[in-house]
Amino acid sequence: MASKLTKLSAVNIVLSNIGMAPVTTIDNDNPMVSMASNIIDEVSLSLQSEGWVFNTENQYPFTPDPVTGYIEITNSILSLDTTYDQDLNVIIRDGKLYDKRAHTYKFTSQISLNVVWVFDFEDIPEAFKSYIAMRSANLFAGRAVGSTEQVKFGEREEALSRAAMLQYETEQGDYNMLGTINNRNAVTYRPSFASIRY
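On a predicted model such as this, the values are computed, not experimentally measured, just so you know.

Asker: So what exactly am I meant to see when it comes to the overall build of the protein chain here?
Answerer: A count of helical and extended segments in the protein chain gives four helices and five strands. Reading the protein chain from its N end, one meets helices and strands in the order α-α-β-β-β-β-β-α-α. Burial statistics for the protein chain: of 198 residues in total, 34% are counted as buried. Nonlocal contacts in the protein chain, meaning residues at least 24 apart in sequence, comprise 64% of its contacts between residues at least 6 apart.

Asker: It is not clear to me how the pattern of salt bridges should be interpreted in this structure. Could you clarify?
Answerer: Side-chain pairing between opposite charges can occur once the charged atoms of the two side chains come close. Inspection of the entire model under this criterion finds five salt bridges. We note a salt bridge from E158 to R135, for which the minimum N-O separation is 3.4 Å. Pair noted here: E158 is in helix 4 (residues 148-173) and R135 is in helix 3 (residues 126-145), with a separation of 23 residues, a long-range link. Overall, the relative accessible area of 13% leaves E158 in the buried class.

Asker: What's the story with the packing of aromatic side chains in this structure? I'm lost.
Answerer: We describe a pair of aromatic rings using the distance from one ring centre to the other and the angle between the two ring planes. Throughout the structure, instances matching the rule amount to eight aromatic pairs. On the numbers, 6.1 Å between centres and 75° between planes, the contact of Y70 with Y105 is edge-to-face. One end of the pair, Y70, is in the loop between strand 1 (56-62) and strand 2 (77-82); the other, Y105, is in the loop between strand 4 (96-99) and strand 5 (111-117), and 35 residues separate them in sequence. A relative accessible area of 28% places Y70 in the partly exposed class. The aromatic ring of Y70 is capped on one face by K96, whose charged end is 5.2 Å from the ring centroid. In this structure, K96 packs its charged tip against the face of Y105, placed 5.1 Å from the ring centre.

Asker: Looking at this structure, I do not really get the packing of helix 2 (residues 31-48) against helix 3. What am I missing?
Answerer: Helix packing for two helices is described by the angle between their axes and how far apart those axes are. Interaxial distance between helix 2 and helix 3 falls to 9 Å at its minimum, and their mutual angle equals 130°. Viewed along their axes, helix 2 and helix 3 adopt a mutual orientation that is oblique. Classified by chirality, the crossing of helix 3 by helix 2 is right-handed. Contacts from M32, M35, A36, I39, I40, E42, V43, S44 and L47 in helix 2 reach F128, Y131, I132, R135, S136, L139, F140, R143 and A144 in helix 3. Of the residues assigned to the contact of helix 2 with helix 3, the class counts are 13 nonpolar, two polar and three charged.

Asker: For this particular structure, what's the right way to read the nonpolar core?
Answerer: Within soluble globular proteins, side chains that are nonpolar generally end up buried alongside one another. Of all hydrophobic cores here, the largest spans 23 residues; its most connected members are I40, L47, F128 and I132. Mapped onto this core, the elements with two or more residues apiece are helix 1 (7-16), helix 2 and helix 3. Considering every element that reaches this core, the biggest residue donor is helix 3, with seven residues. With near-sequence residues (within four places) excluded, I40 lies in contact with K7, A10, V11, V14, F121, I132 and S136. Ranked by size, the runner-up nonpolar core spans 13 residues in total, among them I71, L88, I111 and V115.

Asker: Just to check I follow, could you spell out the environment of Y98 for this structure?
Answerer: Inspection of the secondary structure puts Y98 in strand 4. Accessibility expressed as a relative area gives 11% for Y98, which makes it buried. With 27 residues separating them in the primary sequence, Y98 and I71 have C-alpha atoms 8.4 Å apart. Filtering out sequence-adjacent residues up to four positions away, Y98 remains in contact with N89, V90, I91, R93, H103, T104, Y105 and F107.

Asker: Would you take a moment to explain the environment of L160 for this structure?
Answerer: Its place among the elements puts L160 in helix 4. Here L160 falls in the partly exposed class, since its relative accessible area comes to 49%.

Cut-offs and rules
- Residues numbered from 1 in each chain as written.
- Predicted model: local features only at pLDDT ≥ 70, side-chain atom pairs only at ≥ 80, totals over all residues.
- Heavy atoms only, no water.
- Helix = DSSP H or I, 4+ residues; strand = E, 2+ residues; numbered from the N terminus.
- Buried < 20%, exposed > 50% of the residue type's maximum accessible area, 1.4 Å probe, protein only.
- Contact = heavy atoms within 4.5 Å.
- Salt bridge = Lys/Arg side-chain N within 4 Å of Asp/Glu carboxyl O.
- Phe/Tyr/Trp six-rings, centres within 6.5 Å; stacked < 30°, edge-to-face > 60°.
- Lys NZ or Arg CZ within 6 Å of the ring centre and 35° of its normal.
- Axes fitted to C-alpha atoms, helices over the stretch in contact; angles between N-to-C directions.
- Parallel < 35°, antiparallel > 145°, perpendicular 65-115°, else oblique.
- Left-handed = near helix turned anticlockwise from the far one by under 90°.
- Nonpolar A, V, L, I, M, F, W, Y, C, P; charged D, E, K, R; others polar.
- Core = buried A, V, L, I, M, F, W, Y, C linked by side-chain atoms within 4.5 Å.

Here is the structure:
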């Protein structure tokens, strides 16, 4: 029976891409295993920072500390931005939310922001894990071995994994070309309805 991809499974995919035997643990004493694990983390962070349907939340509430007025930002937040109707310009600075327009760390009321989160490898969708593993395998082959042939061989698998990832994204995101608020369906002109008479 097939099982979900784990970080260890992804490391073994990366190692097998250059003909190395699979490992049973992610052992940081082995430089090749450590490098494979680090590349997976690097690719995962880079990919998640783009903001996808699984790690993006719109209008997420942030409440300032009642004493200091600061809004502390955890390391699990990659980026954030104001919603379209707010008169704020906020960034993350020194682990806190900073309003560039008002030049202050202090906030007096709750604000809602669009947030991109970072998740551990095991907590992201399978389509994304598969792409991360394939992309990491190609980077590893290029960096660890310097094999352009191996990278070319893996490019097709990487492209297929990326296509599956984008399919997941568009299905889960319920996107539409009109870009309506919250991706609500908008009724447009349908040629097949032109001949219907009431």
